[in-house]
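Each chain is listed here by its residues.
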Amino acid sequence: MARLRDCLLRLTVTIRSLLFWSLVYCYCGLCASIYLLKLLWSIGKGPAQTFRRVAREHPPACLNDPSLGTHCYVRIKDSGLRFHYVAAGERGKPLMLLLHGFPEFWYSWRHQLREFKSEYRVVALDLRGYGETDAPIHRENYKLDCLITDVKDILDSLGYSKCVLIGHDWGGMIAWLIAICYPEMVMKLIVINFPHPNVFTEYILQHPAQLFKSSHYYFFQIPWFPEFMFSINDFKALKHLFTSHSTGIGRKGCRLTTEDLEAYIYVFSQPGALSGPINHYRNIFSCLPLKHHMVTTPTLLLWGEKDAFMEAEMAEVTKIYVKNYFRLTILSEVSHWLQQEQPDIVNKLIWTFLKEETRKKD
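Everything quoted here is computed from the prediction, not taken from an experiment.

Conventions we followed
- Residues numbered from 1 in each chain as written.
- Predicted model: local features only at pLDDT ≥ 70, side-chain atom pairs only at ≥ 80, totals over all residues.
- Heavy atoms only, no water.
- Helix = DSSP H or I, 4+ residues; strand = E, 2+ residues; numbered from the N terminus.
- Rg over C-alpha atoms; globule rule 2.2 N^0.38 Å.
- Buried < 20%, exposed > 50% of the residue type's maximum accessible area, 1.4 Å probe, protein only.
- Areas by Shrake-Rupley, 256 points an atom, 1.4 Å probe, with all protein chains shown as cover.
- Lys, Arg positive; Asp, Glu negative; His and termini not counted.
- Charge placed at Lys NZ, Arg CZ, Asp CG, Glu CD.
- Pairing = 2+ DSSP bridges.
- Patch = residues over 30% accessible without salt bridge, like charges linked within 9 Å, V, L, I, M, F, W, Y side chains within 5 Å.
- Salt bridge = Lys/Arg side-chain N within 4 Å of Asp/Glu carboxyl O.
- Axes fitted to C-alpha atoms, helices over the stretch in contact; angles between N-to-C directions.
- Left-handed = near helix turned anticlockwise from the far one by under 90°.
- Contact = heavy atoms within 4.5 Å.
- Nonpolar A, V, L, I, M, F, W, Y, C, P; charged D, E, K, R; others polar.
- Core = buried A, V, L, I, M, F, W, Y, C linked by side-chain atoms within 4.5 Å.
- Expected span 1.5 Å × (residues − 1).
- Parallel < 35°, antiparallel > 145°, perpendicular 65-115°, else oblique.

Asker: Is there a simple way to think about the overall build of the protein in this case?
Answerer: The helix and strand tally for the protein stands at 15 helices and eight strands. For 362 residues, the compact-globule estimate of 2.2 N^0.38 gives 21 Å, and the C-alpha radius of gyration of the protein, at 21 Å, lies within 12% of that figure. Overall, the protein is about 70 × 60 × 45 Å in size when its C-alpha atoms are taken along their principal axes. Within the protein, buried positions represent 54% of all 362 residues. Looking at the protein as shown, the accessible area adds up to about 17200 Å², and 58% of this sits on carbon and sulfur atoms. Across the protein, the centroid of the 41 positively charged side chains sits 3 Å from that of the 35 negatively charged ones.

Asker: What's the story with the pairing of strand 7 (residues 299–304) in this structure? I'm lost.
Answerer: The two faces of the sheet receive side chains in turn, since in a regular strand these alternate between them. Of all six residues in strand 7, six are buried, a share of seventy percent or more. Side chains Thr299, Leu301 and Trp303 of strand 7 all project onto a buried face; the interleaved residues Leu300, Leu302 and Gly304 project onto the opposite face, where all are buried too. Of the strand pairs in this sheet, strand 6 (residues 186–192) and strand 7 are connected by four bridges, and their pairing is parallel. Pairing of valine 191 across the sheet is with leucine 301, part of strand 7. Across six bridges, the pairing between strand 7 and strand 8 (residues 326–331) is parallel.

Asker: Would you explain a nonpolar patch on the surface in this entry?
Answerer: Together, Leu36, Leu37 and Leu40 give the surface a local cluster of nonpolar side chains, amounting to about 300 Å² of exposed area. Structurally, leucine 36 is set in helix 1 (residues 2–45).

Asker: Please clarify how the packing of helix 9 (residues 225–243) against helix 10 (residues 258–268) should be interpreted in this entry.
Answerer: A pair of packed helices is characterised by two quantities: the angle between their axes and the separation of those axes. The N-to-C vectors of helix 9 and helix 10 enclose an angle of 145°; their axes lie 10 Å apart at closest approach. Crossing hand, helix 9 versus helix 10: right-handed. Between helix 9 and helix 10, the contacting residues are Phe235, Leu238, Lys239, Phe242 and Thr243 on the first element and Leu261, Tyr264, Ile265 and Phe268 on the second. Partitioned by chemical class, the residues of the contact of helix 9 with helix 10 number seven nonpolar, one polar and one charged.

Asker: What's the story with the nonpolar core in this structure? I'm lost.
Answerer: Most often, soluble globular proteins have nonpolar side chains that are buried together. Formed by 117 residues in total, the largest nonpolar core has its most connected members in Trp170 and Tyr217. Considering every element that reaches this core, the biggest residue donor is helix 5 (residues 170–181), with nine residues. Excluding anything up to four places from it in sequence, tryptophan 170 contacts His100, Gly101, Phe102, Leu127, Leu144, Leu147, Tyr217, His280, Tyr281 and Ile284.

Asker: Explain the pattern of salt bridges to me, please; I cannot follow it from the model alone.
Answerer: When charged atoms on two side chains of opposite charge get close, those side chains can pair. Counted under the stated rule, the structure contains 12 salt bridges. A salt bridge links aspartate 234 to arginine 56; the nearest nitrogen and oxygen atoms lie 2.9 Å apart. Note that aspartate 234 is positioned in helix 9 and arginine 56 in the loop between helix 2 (47–50) and strand 1 (70–75), a separation of 178 residues in sequence. A relative accessible area of 3% places aspartate 234 in the buried class.

Asker: Got a minute to help me understand the side chain of glutamine 342 in this structure?
Answerer: You can see glutamine 342 is positioned in the loop between helix 14 (338–341) and helix 15 (343–355). Classification of glutamine 342 as buried rests on a relative accessible area of 18%. Once you skip the residues sitting within four places of it in the chain, glutamine 342 turns out to touch Lys252, Gly253 and Val334.

Asker: Mind showing me how you'd approach the pairing of strand 1 here?
Answerer: Two elements, strand 1 and strand 2 (residues 82–88), share six bridges in a ladder whose sense is antiparallel. Bridged to cysteine 72 within strand 2 is tyrosine 85. Hairpin connection between strand 1 and strand 2: a loop of six residues separates the two successive antiparallel strands, and glycine 80 in this loop has a positive phi of roughly 80°.

Asker: Hey, could you run me through helix 4 (residues 144–158) in this one?
Answerer: Across its 15 residues, helix 4 extends 21 Å between first and last C-alpha, which sits within 8% of the 21 Å expected from 1.5 Å per residue. When helix 4 is considered as a whole, its buried residues turn out to be Leu144, Leu147, Ile148, Asp150, Val151, Asp153, Ile154 and Leu155. Trailing helix 4 by a residue or two, glycine 159 shows a phi angle of about 85°, which is positive.

Asker: Please clarify how the packing of helix 4 against helix 5 should be interpreted in this entry.
Answerer: For the pair helix 4 and helix 5, interaxial distance at closest approach is 10 Å and the crossing angle is 75°. Compared by their axis directions, helix 4 and helix 5 come out roughly perpendicular. On helix 5, the residues that touch Leu144, Leu147, Ile148 and Val151 of helix 4 are Trp170, Ile174, Leu177, Ile178 and Cys181.

Laid out in structure tokens, this is it:
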């Protein structure tokens, strides 16, 4: 009887795995077909415009604004990779480490670099494959284990054993994983617009609306084509993410200036600059769900109600995975790009969380 139970359990796991991967590959094919039709439509309307790209040899002045901090580099001994970061605030102050999302880089934290440098050593990192940080060629180099190790190594290289960890979007995913795997490294955890990883994987399989909103996760599994689609029409897709009515910063928000937008396009228009960021996504389905998933760090989750990529219900469910103080704040009429769209409100909420005493839940 016990042997039969074991066989049925293994069969159930195998069937679930087959169904999961069938869903992944079928949806990859569907997404690729949709984007191919978009490409053909664009070529039909104007082939010259479709393949037009403006040469960008020099960075916009905002990327060298001294008020944001100092550009620094550190080479990690074990991986051999050189990481770029911008640091503000005096050395020796408590460390605040900022992890950006996609398609972003250190500059998405410009408002926080200025705000928190009075009491923290604020470090806005370019993640592996992004911006001026080294970008390994092979997709295997972007597994979640590698990304977690990167953050641990960065802390060691900066001379810190713990930090206040803040992550947005994909950087939020990494921040959750760091808090799960290395809780002793995280004094307080702040995540912006990304649920606990297990909530994300479970929710996406049960709710077609979230599956649709996360279509880019599946599209990015395809080699080279996503990078190409991002680059056509002089990176129109990148501009669209930040400025369109459906996915961009809201009308009442702190909208990107022309120079801000040009900074993003400059970084991602460099040769090969899109492959590293998209490679982050090309390993996700083999790494989730997690075996260990409880968070024991005091946690603040900030969420934009109008997020075009994430259902707000996932934020509510996340609290079951945090075995410590947990606060969720959902901002109405705010998009996915929370810390850029409403920096004053976000900064105030972070200050409040950092200054209050938190005690572990029973």
